[in-house]
Amino acid sequence: MFTGIVEAIGQVKAINLNASGARVVIASGNLDLADVKLGDSIATNGICLTVVDFDGASYSADVSTETLTRTGFANYGSGTKVNLEKAMLPTTRFGGHMVSGHVDGTGKIISIKHVGNSIEYWIELADSLKQYVAEKGSITVDGISLTVNSIENNRFRLTIVPHTTEQTIISTYQVGQVVNLEVDLIARYIERLLFCQEQESTAPANTGISKELLLRSGFIKG
């Protein structure tokens, strides 16, 4: 589990394709690997990767064909910059939101506009994901926990402050660039709960949760 607060900017050193996907080598930049062990998770542009080898300056991980096709890894190459975050600890300050590192799909940057000392980005996403994006809700973009400021059909707007620009790879974004998206974890489970209730035609015993309750509480919109 992660928080979406990027700890360092890394760089892809190599992507070696194999029968099951690929093995990637990531230069860790300023990310402290002193407490990293084999099997630990590191979010790499929002993708939860398991460390299979490491030294003081880099780590290696295996990437499945599923990950290659569902994320932006298909467009990465040697030199590509990536956001890095180690898995959170129970004592970690929760500065972002709950991020699983399981990318739901990709989006495309369609507009970049400077507004004062901030930068506005409009990102287009697949119709299958737009139902999970809420105004003033959270979304993870390349591993960064961000707030959705407005929505228009299948696109949403982000307003990025200078600190985030300086600490992440956002400064490298260009119109047309593909980014990894993970929607809010709670939204996915609410949808699944409602789906199961509709399929069974009865609510789970003693939960007291219903579509009407979620509507009244503002969790979903009618």
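Located above this text is the structure these notes cover.
Please read these numbers as outputs of a predicted model, since none were measured by experiment. (Residues numbered from 1 in each chain as written. Predicted model: local features only at pLDDT ≥ 70, side-chain atom pairs only at ≥ 80, totals over all residues. Heavy atoms only, no water.)

Draft legend 1. Inspection of the overall build of the protein chain at higher detail. Across its full length, the protein chain carries five helices and 13 strands. Scaling as 2.2 N^0.38, a compact globule of 222 residues should have a C-alpha radius of gyration of about 17 Å, and the protein chain matches this with 19 Å. Taking the principal axes of the C-alpha coordinates as reference, the protein chain spans close to 55 × 45 × 35 Å. Within the protein chain, contacts between residues at least 6 apart in sequence are counted, and of these 66% link residues at least 24 apart. (Helix = DSSP H or I, 4+ residues; strand = E, 2+ residues; numbered from the N terminus. Rg over C-alpha atoms; globule rule 2.2 N^0.38 Å. Contact = heavy atoms within 4.5 Å.)

Draft legend 2. Just the packing of aromatic side chains, in detail. Overall, the coordinates contain two aromatic pairs when judged by the stated rule. Their ring planes at 55° and their centres at 4.8 Å tell us that F73 and Y76 sit as a pair that is tilted. Summarising the burial analysis for this pair, F73 and Y76 share the class buried. Taken together, a centroid distance of 6.0 Å and an interplanar angle of 85° make the contact between Y121 and Y173 edge-to-face. Taken together, the residues span a long stretch of sequence, with Y121 in strand 8 (residues 118-125) and Y173 in the loop between helix 3 (162-167) and strand 13 (178-182) at a distance of 52 residues. Across the pair, Y173 and Y121 agree in class, each one buried. A cation sits over an aromatic face here: R155 above W122, 4.2 Å from the ring centre. (Phe/Tyr/Trp six-rings, centres within 6.5 Å; stacked < 30°, edge-to-face > 60°. Buried < 20%, exposed > 50% of the residue type's maximum accessible area, 1.4 Å probe, protein only. Lys NZ or Arg CZ within 6 Å of the ring centre and 35° of its normal.)

Draft legend 3. View of the nonpolar core. Counting residues in each nonpolar core, the largest one holds 23 residues, and the members touching the most others are I139, V141, F156, L158 and Y173. For this core, the secondary structure elements donating two or more residues are strand 8, strand 9 (138-141), strand 10 (144-147), strand 12 (155-160) and strand 13. Of all the elements, strand 8 adds the most residues to this core, at four residues. Among all residues touching F156, those that are not within four sequence positions of it are Y121, W122, I123, L125, V133, I139, V148, S150, I151 and L181. (Core = buried A, V, L, I, M, F, W, Y, C linked by side-chain atoms within 4.5 Å.)

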